[in-house]
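Residues per chain are reported as follows:
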Amino acid sequence: MFKDKMGKQLSIDQAIHKIIIRFSNILLETQVFILHIIGHVPSHSFRWMCYAIAGIKMGKGSVIHTGARFFDPKNIIIGNDSIIGENAILDGREVLKIGSHVDIASAVMIYNSQHNIHSENFESESGTVIIEDYVFIGPRATILPGVTIGRGAVIAAGAVVTKNVDAFSIVGGVPATKIGERKNKNPHYVLGRTRLFR
């Protein structure tokens, strides 16, 4: 009577389970759409409050600039004094942990779920993304699922990070490879105040 998208027969229990998942996904998609609209309000305090209500855990002094997009906010954790640039994509379908004093430039995309291109059903696979303290990620960089970026590392603009990055390494390219080493191995700076209407 009930079939899935592949034409496989489903029991009543399986069909009910799928219906519940579908409705919960619709609710999540509605929440994410509302957050996208809120993301354009030019008030850091208002956006911070709304993001907190949605489940994003954000430390003291951290901000997300305008235009940010989320896939699921509840698994996003941001430390203190971190700045997320304009039009960033933060994927919370798995845990996304961003440390303190992290500077993420505009249009950076951080994913922790993707399709398995070798799967017969093109199923998704996911992995936690961890960005440690004092990391700088340049504009339009892409971070893929399961990656840990070590303390003080630098990701060059436009890089596609597919594997872990060692502490204080500078990486760039597609896929990202090591191109240098950060000289300051003991960072202790504070990023400070953000611009008012960003």
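The preceding data block contains the structure.
For clarity, every value in this text was computed on a predicted model and none was experimentally measured.

1. Brief notes about the overall build of the chain
When helices and strands are tallied, the chain shows two helices and 21 strands. Based on the C-alpha atoms only, the size of the chain along its principal axes is roughly 65 × 40 × 20 Å. The burial tally for the chain puts 42% of its 198 residues in the buried class. Put simply, the chain has 22 plus and 16 minus side-chain charges, and the middle of one group is 6 Å from the middle of the other.

2. What about unusual backbone geometry?
Residue P175 is reached from V174 by a cis peptide bond, and omega for that bond is -10 degrees. Looking at the secondary structure, you find P175 in the loop between β20 (169-172) and β21 (177-181). With phi around 65 degrees, A107 is a residue other than glycine that occupies positive phi space. One can find A107 in the loop between β10 (103-104) and β11 (109-110).

3. Structural notes on the sheet that holds strand β15 (residues 136-137)
Read from one edge to the other, the open sheet built from seven strands follows the order β4-β7-β10-β15-β18-β20-β21, with strand pairing classed as mixed. With one partner strand each, in any of the chains shown, β4 (63-64) and β21 form the two edges of the open sheet. Here β15 runs beside strand β18 (residues 154-155); their pairing, made up of two bridges, is parallel. Bridge pairing in β18 places F136 opposite V154.

4. Points about helix α2 (residues 44-54)
Within α2, burial applies to H44, R47, C50, Y51 and A54. Down the axis of α2, the sector holding all buried residues measures 135 degrees, keeping them to one side. For α2, the exposed residues set more than 90 degrees away from the buried face come down to S45 and I53. Each element contacted by the buried residues of α2 is listed here: α1 (12-38), β3 (57-58), β4 and β5 (69-70).

5. Some details on the pattern of salt bridges
Scanning the model with the defined rule gives five salt bridges in all. Of the charged contacts, one joins R151 and D133 as a salt bridge, the two residues approaching to 3.9 Å between their closest N and O atoms. Here R151 is found in the loop between β17 (148-149) and β18, whereas its partner D133 is found in the loop between β14 (129-131) and β15, with 18 residues between them in sequence. Relative accessible area serves as the criterion here: at 29%, R151 is assigned to the partly exposed category. For D133, a relative accessible area of 27% gives the class partly exposed. E181 is the partner of K178 in a salt bridge, and the nearest nitrogen-oxygen pair spans 2.6 Å. Each member of the salt-bridge network shares a partner with another, and the members are K178, E181 and K185.

6. A word on α1
A rise of 1.5 Å per residue sets the reference length of α1, with its 27 residues, at 39 Å; its end C-alpha atoms lie 39 Å apart and thus fit the reference within 8%. Turning to α1, its buried residues are A15, V32, L35, H36 and I38.

7. Remarks on the sheet that holds strand β19 (residues 160-161)
If you walk across this open sheet you meet the five strands as β5-β8-β11-β16-β19, and the pairing is parallel. In this open sheet, the two edge strands, each paired with only one partner strand, are β5 and β19. Note that strand β16 (residues 142-143) and β19 share two bridges and pair parallel. Across the sheet, residue I143 finds its bridge partner in β19, namely V161.

8. Here's the deal with the packing of aromatic side chains
This structure, assessed with the given rule, holds three aromatic pairs. Measuring from centroid to centroid gives 5.1 Å for Y51 and F70, while their planes differ by 70 degrees, and the two rings are edge-to-face. In this pair, Y51 sits in helix α2 while F70 sits in strand β5, placing the two residues 19 residues apart along the sequence. The two residues Y51 and F70 agree in class, both being buried. Between Y134 and Y189, the ring centres sit 4.9 Å apart and the planes meet at 85 degrees, which makes this aromatic pair edge-to-face. Note that Y134 is positioned in the loop between β14 and β15 and Y189 in the segment after β21, a separation of 55 residues in sequence. The exposure class assigned to Y134 is buried, which follows from its relative accessible area of 7%. Residue classification places Y189 among the partly exposed residues on the basis of a relative accessible area of 29%. Of note, R93 hangs over the ring of F71, and the distance from its end group to the ring centre comes to 4.5 Å.

The rules we used
- Note that residues are indexed from 1 along each chain, following the sequence as it is written.
- Reporting of local features is limited, given that this is a predicted model, to residues whose pLDDT is at least 70; pairs of side-chain atoms are given and counted only at 80 or more, and all residues count toward the totals for whole chains, interfaces and linings.
- Side-chain descriptors were evaluated using all non-hydrogen atoms of the structure, hydrogens and water having been removed beforehand.
- Working definition: helices are DSSP H or I runs of at least four residues, strands are E runs of at least two. Numbering for both runs from the N terminus.
- Summary of the burial criterion: residues with accessible area below 20% of their type's maximum are buried, those above 50% are exposed, and those between are partly exposed, where the area comes from a 1.4 Å probe applied to protein chains only.
- Residues scored as charged are limited to Lys and Arg (positive) and Asp and Glu (negative), so that His and the chain ends carry no count.
- Lys charges are placed at NZ, Arg charges at CZ, Asp charges at CG and Glu charges at CD.
- Pairs of strands are assigned from DSSP output, requiring at least two bridges between the strands.
- As used here, the arc belongs to the directions running from the helix axis to the C-beta atoms.
- Note on contacts: a residue pair is in contact if any heavy atoms of the two residues lie within 4.5 Å.
- Here a salt bridge means any side-chain nitrogen of Lys or Arg lying within 4 Å of a carboxyl oxygen belonging to Asp or Glu.
- Working rule for helices: expected span equals 1.5 Å times residues minus one.
- Between 30 and 60 degrees the pair is tilted, below 30 it is stacked and above 60 it is edge-to-face, where a pair is any two Phe, Tyr or Trp rings, Trp via its six-membered ring, whose centres lie within 6.5 Å.
- Only lysine NZ and arginine CZ atoms are considered, and such an atom sits over a ring when it is within 6 Å of the ring centre and within 35 degrees of the ring normal.

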